[in-house]
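Okay, here's what each chain looks like letter by letter:
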Amino acid sequence: MTTFRRETPSLDATDEAIIAMLHEDGRRPYGEIARAVGLSEAATRKRVNRLRDAGVLRIVALVHPLSLGRRVVAMLAIDVDGRSREVAQHLGRLAPVEYIVITAGSHDILAEVIAADMPQLLMLIDEHVRTIPGVRGVEVFVYFSIEKLVFNWGRRGPQPSAAPDPSARVELEPKSELGGAGSPGEGVAR
């Protein structure tokens, strides 16, 4: 299970530019990235390796789950008595579990799962998730349709756009009640 560290190194503008380019194409050659950011190929490779080693960056192939023949995707909202992290570690050992977050709010853990069919999902929940020590309850949200599947976390700031389109994606920017730089978690639609 990949765990993302909270203590990540600070990123400079060059790191962010490298991440954005790899986000667009994870197979982009180091030489091309180097020319775009003004570094040597060796320096660029060293930065990418540093970002990977620090857990900031992983280069993977993204596949739509339904294209692999697994027909059921669901989010499990899990309530825990005790230590959420221990339950999350147990969940991480289950192959159908693709994504796990420990949350604040109505549920302690959210886990996205992908199963071949409904009987496999039921078996996963009844025989594997509910039997984990500390699991008090599981609420299941089966996906009818995946309307958007993107990972744009590496892109910061407003994205260039043409004329405003009311159906277009709404970008959020920080705001502050005092009118200065915003605090985390606050945003205003533009």
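Because the structure is a prediction, the values reported are computed rather than measured.

Student: For the sheet that holds strand β2 (residues 97-102), give the residues involved together with the corresponding values.
Tutor: If you trace the four strands from one edge of the open sheet to the other, you get β2-β3-β1-β4, paired in antiparallel fashion. Looking at which strands have only one partner, the edges of the open sheet turn out to be β2 and β4 (135-142). Neighbour-to-neighbour, the strand axes of the sheet open up by a mean angle of 20°, direction not taken into account. In terms of strand pairing, strand β1 (residues 72-80) meets β4 through seven bridges, oriented antiparallel. Among the inter-strand pairings, M75 is bridged to a residue of β4, identified as F141. Against the sheet, helix α4 (residues 84-92) engages β1, β2, β3 (109-115) and β4, with an angle of about 175° to β2. Sitting on the sheet, helix α5 (residues 118-129) is in contact with β1, β3 and β4, with an inclination near 165° to β4.

Student: So what's going on with a nonpolar patch on the surface? Which residues, and what values?
Tutor: Residues M118, V140 and V142 make up a contiguous nonpolar surface patch of about 220 Å² in total accessible area. With respect to the secondary-structure elements, M118 resides in helix α5. Its relative accessible area of 47% is what places M118 among the partly exposed residues.

Student: Break down the nonpolar core for me, citing the residues and quoting the values.
Tutor: Counting residues in each nonpolar core, the largest one holds 21 residues, and the members touching the most others are L76, I78, L91, L121 and V129. When residues of this core are traced back to their parent elements, those giving at least two are β1, α4, β3, α5 and β4. If one sorts the elements of this core by residue count, β1 sits on top with five residues. What L121 contacts, discounting residues up to four positions off in sequence, is V72, A74, V113, A115, V140 and V142.

Each value, and the rule that gives it
- Sequence order sets the numbering: in each chain, residues are counted from 1 along the sequence as written.
- Only residues with pLDDT of at least 70 are given local features in this predicted model, and only at 80 or more are side-chain atom pairs given and counted; all residues enter the totals for whole chains, interfaces and linings.
- Computation of side-chain values covers all heavy atoms of the structure but excludes hydrogens and water.
- Whether two strands pair depends on DSSP finding at least two bridges between them.
- The secondary structure listing takes helices from DSSP runs of H or I that are at least 4 residues long and strands from runs of E that are at least 2 residues long, numbered from the N terminus.
- Axis lines are fitted through C-alpha atoms, for helices just across the contact stretch, and the angle between N-to-C directions can take any value from 0 to 180 degrees.
- The contact criterion used is simple: two residues touch if any of their non-hydrogen atoms lie within 4.5 Å.
- Candidate patch residues must exceed 30% relative accessible area and have no salt bridge, after which like charges are joined if within 9 Å and Val, Leu, Ile, Met, Phe, Trp or Tyr side chains if within 5 Å.
- All accessibility values rest on the Shrake-Rupley procedure with a 1.4 Å probe; residue burial counts only the protein chains present in the view.
- By definition here, a salt bridge exists when the distance from a side-chain nitrogen of Lys or Arg to a carboxyl oxygen of Asp or Glu is within 4 Å.
- Think of it in three bands: with a 1.4 Å probe and only protein chains considered, a residue is buried below 20% of the maximum accessible area for its type, exposed above 50%, and partly exposed in between.
- Only buried Ala, Val, Leu, Ile, Met, Phe, Trp, Tyr and Cys residues count toward a nonpolar core, and they belong to the same one when joined by side-chain atoms within 4.5 Å.

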